[in-house]
Amino acid sequence: MDHDYGFDLEEAIKREGLSMSDLNALRTPPIEGVPTDMTDRLLACFLSACNKDVSETRKVIKIYYQDRREAPELFDNRDPLSPQIQQCFQNQDYFFLPPTPSGYSVIYHRLSSPKASNYNLDEAAKTYFMLLETCIYHHGPRPGLVCLFDMSNVGLSHLLRVKIGTIRKFFHYLQEGLPAKLKAIHILNAVSFFDKVLYIIKPFMNAEILKMLFLYTSNGSLEKLYDEWIPRSCLPSDYGGELKSVDELHQEHLKTFYSLRPYFMAEERQRKGESKLIQEAGDKIKSLSID
């Protein structure tokens, strides 16, 4: 199926200690508003993210699809070749890094252009979530997800382009509907006005996520990052790592985005078509009950 992920399901189930019986339990009874043809790979990611709790997993799956319906500006029209997303690719860097020794997936993002006029929050958030999916597509379920964000090109003028509605939807999905287990958010080259950034986003972050936030100033040491989270072997050369530069890794990852174009377009078709049918069926049942 074009809307399926590409990782080795058998290997992932064994690695994360999942069971096919639990995956099957997620399908019955059907979850209202959720496509009936969810793939085993996607179910495995949710089950792992929810610590194998079937009941909790069903709740998160419902939120995942609900959030996508209620935020079309973040989850629809995700063609990597569209002018809007191309604009993001030209002014921002996106890629995932090799899994850490602890098995964590790591995604990286920064603004490559300091011009606020080149920044559109909705499109940037959409492309960021696309990055998350390319990572999950290839890595599958993991014991954790680590986010790296370099603020070196962020200015106060970028804050003027922030839309509260988008921030709210972004963090709700990140915290409540993600088919991955968020472990840490590392902010590299944290700006001096980060308190103003936190003032904007803090109302939408739960206490658990706030504890996952780690800041590194431009002249500060990255030893804690190397020792406790991401070794040099898994980092770009820009940060004292052993991998290629950020620019090179970004260019390489663009090929991944383009190769998954059929997936992104098929995912939207599958999500919209099937979920609408289930929702309509649910509405009809409720109507009959009232009558």
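Please refer to the structure higher up on the page.
Residues numbered from 1 in each chain as written. Predicted model: local features only at pLDDT ≥ 70, side-chain atom pairs only at ≥ 80, totals over all residues. Heavy atoms only, no water.

Another aspect to go through is the side chain of Arg110. Tracing the backbone through its elements, the reader meets Arg110 in strand 2 (residues 105–111). Here Asp93 takes part through its side chain, which lies 2.6 Å from a polar atom of the side chain of Arg110. At 3.3 Å, the side chain of Arg110 and the side chain of Asp247 are in polar contact. Those residues in contact with Arg110, other than ones at most four positions away along the chain, are Gln92, Asp93, Phe149, Asp150, Asp238, Tyr239, Val246 and Asp247. (Helix = DSSP H or I, 4+ residues; strand = E, 2+ residues; numbered from the N terminus. Polar contact = N/O pair within 3.5 Å; in protein donor to acceptor, adjacent residues only side chain to side chain. Contact = heavy atoms within 4.5 Å.)

This next bit is on the pattern of salt bridges. What the rule picks out here adds up to 21 salt bridges. In this structure, Asp247 and Arg110 form a salt bridge, with 3.3 Å as the shortest nitrogen-oxygen distance. Of this pair, Asp247 sits in helix 13 (residues 246–259) while Arg110 sits in strand 2; the two residues are 137 residues apart in sequence, bridging distant segments of the chain. Given a relative accessible area of 48%, Asp247 falls into the partly exposed group. (Salt bridge = Lys/Arg side-chain N within 4 Å of Asp/Glu carboxyl O. Buried < 20%, exposed > 50% of the residue type's maximum accessible area, 1.4 Å probe, protein only.)

The next thing to look at is the packing of aromatic side chains. Following the criterion strictly, the structure yields 23 aromatic pairs and no others. Between Tyr5 and Phe7 the ring centres are 6.2 Å apart and the planes differ by 40 degrees, which places this aromatic pair in the tilted class. Residues Tyr5 and Phe7 agree in their burial class; the two are buried. Note on Tyr108 and Tyr239: the rings are 5.9 Å apart at their centroids and 50 degrees apart in plane angle, and the pair reads as tilted. One end of the pair, Tyr108, is in strand 2; the other, Tyr239, is in the loop between helix 12 (223–228) and helix 13, and 131 residues separate them in sequence. The buried category is assigned to Tyr239, whose relative accessible area is 9%. (Phe/Tyr/Trp six-rings, centres within 6.5 Å; stacked < 30°, edge-to-face > 60°.)

Right, let's get into the packing of helix 4 (residues 54–70) against helix 9 (residues 164–177). Running from N to C, helix 4 and helix 9 point in directions that differ by 160 degrees, and their axes come no closer than 9 Å. One finds that helix 4 runs roughly antiparallel with respect to helix 9. When you trace helix 4 past helix 9, the crossing you get is left-handed. For the pair helix 4 and helix 9, the contacting residues are Val60, Ile63, Tyr64, Asp67, Arg68 and Glu70 in the first and Lys169, His172, Tyr173, Glu176 and Gly177 in the second. In terms of residue class, the contact of helix 4 with helix 9 is made up of four nonpolar, two polar and five charged. (Axes fitted to C-alpha atoms, helices over the stretch in contact; angles between N-to-C directions. Parallel < 35°, antiparallel > 145°, perpendicular 65-115°, else oblique. Left-handed = near helix turned anticlockwise from the far one by under 90°. Nonpolar A, V, L, I, M, F, W, Y, C, P; charged D, E, K, R; others polar.)

The next thing to look at is the pairing of strand 4 (residues 182–188). Burial within strand 4 is extensive, with six of its seven residues counted as buried. As paired strands, strand 3 (residues 145–150) and strand 4 are joined by six bridges and run parallel to one another. Bridging across to strand 4, Asp150 finds its partner in Leu188. One ladder, built from three bridges, connects strand 4 with strand 5 (residues 213–215); its direction is parallel. Following the sheet pairing, Ile187 is matched in strand 5 by Leu215. (Pairing = 2+ DSSP bridges.)

This part covers unusual backbone geometry. Of note, the bond from Thr28 into Pro29 is cis; its omega dihedral lies within 30 degrees of zero at -5 degrees. Although it is not a glycine, Asn51 sits at a positive phi angle of roughly 55 degrees. Secondary-structure assignment places Asn51 in the loop between helix 3 (40–49) and helix 4. For Asn189, which is not a glycine, the phi torsion comes out positive at approximately 50 degrees. Taking relative accessible area as the criterion, Asn189 reaches 23% and is therefore assigned partly exposed.

Inspection of helix 6 (residues 83–91) places Ile85, Gln86, Cys88, Phe89 and Asn91 among the buried residues, and these make up the whole buried set. Tucked into the core, helix 6 has its buried residues touching strand 1 (92–97), strand 2, helix 7 (121–139) and helix 13.

A few words now on the sheet that holds strand 5. Overall, mixed pairing links the five strands, which are arranged 1-2-3-4-5 in an open sheet. The open sheet has two edge strands with one neighbour each: strand 1 and strand 5. The sheet shows a mean angle of 15 degrees between the axes of neighbouring strands, direction not considered. Bridge count between strand 1 and strand 2: six bridges; the pairing is antiparallel. Residue pairing across strands places Phe96 opposite Ile107, the latter belonging to strand 2. Across the sheet, helix 7 is in contact with strand 1, strand 2 and strand 3; its angle to strand 1 comes to roughly 20 degrees.

As a further point, take the nonpolar core. Core analysis: the biggest nonpolar cluster contains 73 residues, and Tyr5, Ile107, Tyr128 and Phe129 have the highest contact counts within it. Apart from the residues lying within four places of it in its own chain, the contact partners of Tyr5 are Arg41, Leu42, Cys45, Tyr64, Glu133, Ile136, Tyr137, Pro179 and Tyr263. Val106, Ala184, Leu225 and Ile230 belong to the second largest nonpolar core, which has 20 residues in total. (Core = buried A, V, L, I, M, F, W, Y, C linked by side-chain atoms within 4.5 Å.)

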